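Reading the structure
These are the residues of each chain, in order.
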Amino acid sequence: QVQLVESGGGLVQAGGSLTLSCAASGSTSGINYMSWYRQTPAKQRELVARLTRGGATFYVDSVKGRFTISRDNAKNTVYLQMNSLKPEDTAVYYCNVKETLWASGYWGQGTQVTVSS
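Rules used throughout
- Residues numbered from 1 in each chain as written.
- Predicted model: local features only at pLDDT ≥ 70, side-chain atom pairs only at ≥ 80, totals over all residues.
- Heavy atoms only, no water.
- Helix = DSSP H or I, 4+ residues; strand = E, 2+ residues; numbered from the N terminus.
- Rg over C-alpha atoms; globule rule 2.2 N^0.38 Å.
- Buried < 20%, exposed > 50% of the residue type's maximum accessible area, 1.4 Å probe, protein only.
- Contact = heavy atoms within 4.5 Å.
- Areas by Shrake-Rupley, 256 points an atom, 1.4 Å probe, with all protein chains shown as cover.
- Lys, Arg positive; Asp, Glu negative; His and termini not counted.
- Charge placed at Lys NZ, Arg CZ, Asp CG, Glu CD.
- Salt bridge = Lys/Arg side-chain N within 4 Å of Asp/Glu carboxyl O.
- Phe/Tyr/Trp six-rings, centres within 6.5 Å; stacked < 30°, edge-to-face > 60°.
- Lys NZ or Arg CZ within 6 Å of the ring centre and 35° of its normal.
- Core = buried A, V, L, I, M, F, W, Y, C linked by side-chain atoms within 4.5 Å.

Focus on the overall build of the protein
Looking only at helices and strands, the protein features zero helices and 11 strands. Overall, the protein shows an N-to-C arrangement of helices and strands of β-β-β-β-β-β-β-β-β-β-β. Here the C-alpha radius of gyration of the protein, 13 Å, is about what a compact globule of 117 residues would show, namely 13 Å. For the protein, the spread of C-alpha atoms along the three principal axes comes to 40 × 25 × 25 Å. Per-residue burial for the protein yields a buried fraction of 40% across its 117 residues. Residue pairs at least 24 apart in sequence account for 52% of intrachain contacts in the protein once pairs closer than 6 positions are excluded. Carbon and sulfur atoms provide 51% of the accessible area of the protein, an area that totals close to 6200 Å². Distance between charge centres in the protein, computed from 11 positive and 7 negative side chains, equals 2 Å.

Next up, the structure:
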């Protein structure tokens, strides 16, 4: 079992920045994929960024050049640095970690990000 605790969401003006954190505890040694998703009432949950154990990254086109996913292995924490935020980035952001790509993995509780215009 893995437990995830997210933090860092909030209200920010367009053009501003936020950093989300996801601290993992429990059986973390088998984690190979660390991801951030987001969801709004009008849209399905969307993969925003992914980081593999080997350091490879993936970003959805809409956040490329603005968001950066990173990790601190000593703290078992994954981060999402979000710059140049836009109103369309408003969503609940969820952290997900898993051992394999096809597993559902473990989810955080979600943190609200609201970007005002």
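Quick word on the pattern of salt bridges
As enumerated under the stated definition, the model contains four salt bridges in all. A salt bridge links E46 to R38; the shortest N-O distance between them is 2.8 Å. Per residue, the accessibility class of E46 equals that of R38, and both read buried. As a salt-bridge pair, D61 and K64 come within 3.0 Å of each other at their nearest N and O atoms. Judged by relative accessible area, which is 62%, D61 ranks as exposed. Salt bridges sharing partners connect three or more residues here, namely R38, E46, R66 and D89.

Brief notes about the packing of aromatic side chains
For the coordinates displayed, the defined rule picks out two aromatic pairs. Geometrically, the ring pair formed by Y94 and W107 is edge-to-face, given 6.4 Å between the ring centres and 85° between the ring planes. Placement of Y94 in strand β9 (residues 91–98) and of W107 in strand β10 (residues 106–107) is noted, with a sequence separation of 13 residues between them. Residue placement shows R45 over the ring face of Y94; its charged tip is 3.9 Å from the ring centre. Its end group placed over the ring of W107, R45 keeps NZ or CZ at 4.5 Å from the ring centre.

Structural notes on the nonpolar core
Nonpolar side chains in soluble globular proteins tend to be buried together. Judged by nonpolar contacts, the single largest core of 28 residues is most densely connected at W36, F67, I69, L80, M82 and Y93. Secondary-structure elements contributing two or more residues to this core are β1 (2–7), β3 (18–26), β4 (33–39), β5 (46–52), β7 (67–72), β8 (77–82), β9 and β11 (111–116).

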